[in-house]
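Descriptive analysis of the structure
One letter stands for each residue in the lines below.
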Amino acid sequence: MGKSKTRILRKGINNQFTTMTRENAVKETVRFLDSNFVNDAKDLITMFGLSAEELLEAGASYESVKAIENIFG
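What this report covers is the structure whose coordinates are included nearby. These figures come from a predicted structure and were not determined experimentally.

1. Comments concerning the pattern of salt bridges
Applying the stated rule across the entire model yields 3 salt bridges. For Glu54, the salt bridge is made with Arg22, and the minimal N-O distance between the two is 3.0 Å. Here the residue Glu54 occupies a position in helix H4 (residues 52-57), and Arg22 occupies one in helix H2 (residues 22-34), the gap between them amounting to 32 residues. Residue classification places Glu54 among the partly exposed residues on the basis of a relative accessible area of 24%. Linking Glu28 and Arg31 is a salt bridge whose minimum nitrogen-to-oxygen distance equals 2.6 Å. With Glu28 and Arg31 both in helix H2 and 3 residues apart, this pair spans about one turn of that helix. When its relative accessible area of 42% is taken as the criterion, Arg31 is described as partly exposed.

How each quantity is defined
Residues numbered from 1 in each chain as written. Predicted model: local features only at pLDDT ≥ 70, side-chain atom pairs only at ≥ 80, totals over all residues. Heavy atoms only, no water. Salt bridge = Lys/Arg side-chain N within 4 Å of Asp/Glu carboxyl O. Helix = DSSP H or I, 4+ residues; strand = E, 2+ residues; numbered from the N terminus. Buried < 20%, exposed > 50% of the residue type's maximum accessible area, 1.4 Å probe, protein only.

Take a look at the structure:
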C-alpha cells in the first residue's frame, strides 16, 4: 500500500464522524433541555429545523419549550 493510502486510512480511523438522525437529534434536544443545556439544544433545533410539536411529543416539558419559543420560526 502506498504512503497516501496509508495516511488516508489512518486519518479516517482517528477522525471518525458520527452521524445523527433526526430522531436522535430530537432525543438529544429533549435531554439537553431537561439538563438545562439550552445553547446545545438551540444548536440542534436550528440545525435540524425541529418544531415545538416534535419536542413536546418526544417528552420535553412545556415550560422548557415555551422558554425557547423565540427560535421556532
